[in-house]
Amino acid sequence: MDSMTLIAIVSIITAGLTIAIGSIGPAFGEARAVASALASLAQQPDASATITRTLFVGLAMVESVAIYCFVVSMILIFANPFWNHVIAQAAGK
Amino acid sequence: MNLSPDNIIFWQMGYFKLNATIVYTWGLMLVLVLGSKIITRKLSTELQRSRWQNLLEIIVTGINQQIEEVGLKNPQKYLGFLGSLFLFVAMSSLFTIVPGYEPPTGSLSTTAALAICVFVAVPMFGIEEAGIGRYLRAYTRPTIIMLPFNIISEVSRTLALAVRLFGNMMSGTLIIAILLTITPFIFPIIMSALGLLTGMVQAYIFSILATVYIAAATRARKPAQESESEDRKNNINEK
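Everything in this summary refers to the structure shown in the same document. (Residues numbered from 1 in each chain as written. Chains lettered and ligands numbered in written order. Predicted model: local features only at pLDDT ≥ 70, side-chain atom pairs only at ≥ 80, totals over all residues. Heavy atoms only, no water.)

Focus: the overall build of chain B
Logical step 1: When you go through chain B residue by residue, the secondary structure sums to 8 helices and 2 strands.
Logical step 2: The linear arrangement of helices and strands in chain B, starting from the amino end, is β-β-α-α-α-α-α-α-α-α.
Logical step 3: Among the 239 residues that make up chain B, the fraction classed as buried is 38%.
Logical step 4: Considering only residue pairs separated by 6 or more positions, chain B has 65% of its internal contacts joining residues 24 or more positions apart. (Helix = DSSP H or I, 4+ residues; strand = E, 2+ residues; numbered from the N terminus. Buried < 20%, exposed > 50% of the residue type's maximum accessible area, 1.4 Å probe, protein only. Contact = heavy atoms within 4.5 Å.)

Topic: the pairing of strand β1 (residues 9-13) of chain B
All names here are of chain B.
Logical step 1: Where β1 meets strand β2 (residues 16-19), 4 bridges bridge the pair, whose relative direction is antiparallel. Opposite Gln 12, over in β2, you have Lys 17 as the bridge partner.
Logical step 2: The loop that links β1 with its antiparallel partner β2 comprises 2 residues; one of these, Gly 14, has a positive phi angle of about 65°. (Pairing = 2+ DSSP bridges.)

Brief notes about a nonpolar patch on the surface
Logical step 1: Taken together, the side chains of Phe10(B), Trp11(B), Met13(B), Leu18(B), Ile22(B), Val23(B), Trp26(B) and Met29(B) make up a nonpolar region of the molecular surface, amounting to roughly 770 Å² of accessible area.
Logical step 2: Among the secondary structure elements, those contributing two or more residues to the nonpolar patch are β1 and α1 (20-39) of chain B. (Patch = residues over 30% accessible without salt bridge, like charges linked within 9 Å, V, L, I, M, F, W, Y side chains within 5 Å. Areas by Shrake-Rupley, 256 points an atom, 1.4 Å probe, with all protein chains shown as cover. Salt bridge = Lys/Arg side-chain N within 4 Å of Asp/Glu carboxyl O.)

Points about the pattern of salt bridges
Residues and elements named next belong to chain B.
Logical step 1: For the structure on display, the rule yields 5 salt bridges over all chains.
Logical step 2: Between Glu 57 and Arg 49 there is a salt bridge whose closest N-O contact spans 3.0 Å.
Logical step 3: The exposure class assigned to Arg 49 is partly exposed, which follows from its relative accessible area of 34%.

Regarding the interface of chain A and chain B
By a widespread convention, an interface's size corresponds to the accessible area lost as its parts come together.
Logical step 1: Contacts between chain A and chain B engage 14 residues on the former and 22 residues on the latter.
Logical step 2: Between chain A and chain B, the buried area comes to about 1,600 Å², and carbon and sulfur atoms account for 79% of it.
Logical step 3: Considering only the side of chain A, the residues that lose the most area to chain B are Arg53(A), Met61(A) and Phe78(A), jointly responsible for 35% of the buried surface there.
Logical step 4: Linking chain A with chain B are 1 salt bridge.
Logical step 5: Among the salt bridges present, the one from Glu69(B) reaches Arg53(A), with a minimum N-O distance of 2.7 Å.
Logical step 6: In this structure, the connection of chain A to chain B is made through 1 residue pair in polar contact (both at pLDDT 80 or more).
Logical step 7: The class makeup of the residues in the side of chain A that touches chain B is 11 nonpolar, 1 polar and 2 charged. (Buried area = accessible area lost by both parts, 1.4 Å probe. Polar contact = N/O pair within 3.5 Å; in protein donor to acceptor, adjacent residues only side chain to side chain. Nonpolar A, V, L, I, M, F, W, Y, C, P; charged D, E, K, R; others polar.)

What to know about the packing of aromatic side chains
Residue and element names in this part refer to chain B.
Logical step 1: Inspection of every chain in the model, using the stated rule, returns 7 aromatic pairs over all chains.
Logical step 2: Seen from their ring centres, Tyr 15 and Phe 16 are 6.3 Å apart, and the 75° between their planes marks the pair as edge-to-face. Residue Tyr 15 shares its accessibility class with Phe 16, and that shared class is exposed.
Logical step 3: One aromatic cluster is present, built from ring pairs that chain together Phe 10, Tyr 24, Phe 95 and Tyr 101.
Logical step 4: Across from the ring centre of Tyr 213, 4.0 Å away, lies the NZ or CZ of Arg 157, which sits over that ring. (Phe/Tyr/Trp six-rings, centres within 6.5 Å; stacked < 30°, edge-to-face > 60°. Lys NZ or Arg CZ within 6 Å of the ring centre and 35° of its normal.)

Rendered as structure tokens:
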């Protein structure tokens, strides 16, 4: 197995693992945040504007972790620097 | 496959490239500036107003209200900066209904530029409001040990702002591009409707986060509200 194949295999598997593991945590976190926001909305409908705004900002904060993982996996698949390096070396030979 | 509109090049002469990001950014700026210029050309205070004036008034008062709710006492001062941030990001995702358009916020250079604007504006507003000494001293709260962490949080939240917006926009276009190859009928339309929703939410979040950062830098340095502001600042840092 040459280094090119090895890099391809490792990149693809890592990209999948990154998005798989990286989305579990934010999913649980967002679920808990939405659940407690719904509970407090039911208790205090008057404060809905504040609760909704805080919920959205918090959700964006939580979700950004998943987005980072997504960006990393997209870089691994579509703009992999190691892969480009190997390709450039192979072309240079 | 194009990861960002930077890769679509319309015109090139030597080192200078005219890529889709630049073209669509300028197009958006033209639409925003010319549109508001034309609408505000004949403003009226009568009972009967034009529809477009009503639209602009709703947008402006809405942004004003949101800024005030976050806790900035004098929203008119920040309306120009925060409002244009919101309008630019919102319009750039709203225009995705036009075929052939790529949102310029799907490129990391645009979002990094917007985030750097926030990064520069926060200390500017903070110093203007509290004076340079008191602003700088806030970095050493609660103790001097926290100084490097406060500086790191300043930089890392700028990075987070840029990557969050970029990731959301890029994922929207990418998902539609992938779906077009798998299920070219109907389903991409649903996903682009979802993309419009996430685009609006991201525009809201981007501007509200900028507002929160500015509020944390300005409000807080008043000695009377010291303890309360400290709590708030810690909350923001934890995020």
